[in-house]
Amino acid sequence: HYEKKMITAADNVIYVSAITANEMKKKYPQLSHKIHFIPRSYYPTKIEKINDNSMTDKIKIVYTGLISSGRNIFHLLDVLKTDNYYNKKIQIEIYGNLPYEIKEKLNEYSYVNIFDGVDFEHMNSIYESASILLFLSNKGGSSQIPGKFFDYMGTTKPILCLMEDDKDEVSCFLRNYDRCLVIKNTIDSIKINLEEISKLSEKKFNKDEEFSPKTIAAK
């Protein structure tokens, strides 16, 4: 009721997910002319220091953000736990303010390092020290694209996308970008793709101008 009232009262309504915008147009066809998609931009910051990953044989996978029932990192961690080669080769760094019970569970994995959330001014340096950036989808059926995807596109790093449903519209959207390796977030899927994840760490990309502040502001 209130959603419809707000959209009716608005001059324009902007969504940062094209999939959500399209769903809302179908839901309110009489209001579709005022519903638009404009993505979020990444946040450009100065890089303070870059750690050179070529100096180590470790693959550093960095995740920044929430871990909840809808965003499951534990399938990846459990696969590494059973693979003696990759649990020595891959290191996971998690930045964010996590619930106590999640922290306790993460502490059971020797290859996971947990850090508190940091100011975004320092985040690009953390991204640049990574080999791979980790994207965890929301629960299946969600049309929302977590904001960290746009932040990741302002880096030179590849993105490992673990999806609850690897055939949904969000997964199809992510596959449009060469830097994204989209894998179904199950133990079996991750296990058979460990070599692909390892190869992904060797890739570098240009910052994506499609999501630069200048481009988004122009839109």
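You'll find the structure just up there.
Residues numbered from 1 in each chain as written. Predicted model: local features only at pLDDT ≥ 70, side-chain atom pairs only at ≥ 80, totals over all residues. Heavy atoms only, no water.

Enquirer: Tell me about the overall build of the protein chain, residues and numbers included.
Expert: From N to C terminus, the protein chain includes 11 helices and 8 strands. Relative to its 219 residues, the protein chain shows a buried fraction of 50%. Pairs at least 24 apart in sequence give 66% of the contacts found in the protein chain among residues at least 6 apart. A total of about 11,600 Å² of accessible surface is found on the protein chain, and carbon and sulfur atoms cover 51% of it. (Helix = DSSP H or I, 4+ residues; strand = E, 2+ residues; numbered from the N terminus. Buried < 20%, exposed > 50% of the residue type's maximum accessible area, 1.4 Å probe, protein only. Contact = heavy atoms within 4.5 Å. Areas by Shrake-Rupley, 256 points an atom, 1.4 Å probe, with all protein chains shown as cover.)

Enquirer: Which residues make up the pairing of strand 6 (residues 132-136), and what values do they have?
Expert: Among the 5 residues that make up strand 6, 5 are buried, leaving the element largely enclosed by the rest of the structure. Taken together, the 2 bridges between strand 3 (residues 59-64) and strand 6 define a ladder with parallel strand orientation. Note that in strand 6 the partner of Ile 61 across the bridge is Ile 132. The pairing of strand 6 with strand 7 (residues 159-163) spans 4 bridges and is classified as parallel. Directly across from Leu 136, in strand 7, lies its bridge partner Leu 162. (Pairing = 2+ DSSP bridges.)

Enquirer: Talk me through the sheet that holds strand 6; I want residue IDs and the actual numbers.
Expert: Ordered by their spatial adjacency, 6 strands build an open sheet running 5-4-3-6-7-8, and the pairing between neighbours is parallel. In this open sheet, the two strands that pair with only one neighbour each are strand 5 (112-115) and strand 8 (180-184). Mean inter-strand twist for the sheet, computed between neighbouring axes without regard to direction, equals 25°. As judged from the 4 bridges shared by strand 4 (residues 90-95) and strand 5, these two strands associate in the parallel manner. When the sheet's bridge partners are listed, Tyr 95 is paired in strand 5 with Phe 115. (Axes fitted to C-alpha atoms, helices over the stretch in contact; angles between N-to-C directions.)

Enquirer: Quick rundown of the nonpolar core? Include the residues and the values.
Expert: Counting residues in each nonpolar core, the largest one holds 56 residues, and the members touching the most others are Ile 73, Ile 92, Leu 106, Phe 149, Leu 160 and Leu 174. The contacts of Phe 149, once residues within four sequence positions are left out, are Phe 135, Ile 159, Phe 173, Leu 174, Tyr 177, Cys 180 and Phe 211. Ranked by size, the runner-up nonpolar core spans 8 residues in total, among them Ile 7, Val 13, Ala 21 and Tyr 28. (Core = buried A, V, L, I, M, F, W, Y, C linked by side-chain atoms within 4.5 Å.)

Enquirer: Describe the pattern of salt bridges, listing the residues and the values that go with them.
Expert: Applying the stated criterion across every chain, the model contains 6 salt bridges. In this structure, the salt-bridge partner of Glu 93 is Lys 60, at a minimum N-O distance of 3.7 Å. Taken together, the positions of Glu 93 in strand 4 and Lys 60 in strand 3 put the pair 33 residues apart, joining distant regions of the chain. Overall, the relative accessible area of 7% leaves Glu 93 in the buried class. Given a relative accessible area of 13%, Lys 60 falls into the buried group. (Salt bridge = Lys/Arg side-chain N within 4 Å of Asp/Glu carboxyl O.)

Enquirer: Got a sec to walk through the side chain of Thr 20? Specific residues and values, please.
Expert: For Thr 20, the position within the fold is in helix 2 (residues 18-27). Sequence-distant contacts of Thr 20, defined by excluding residues within four places in its chain, comprise Tyr 15, Ser 143 and Gln 144.

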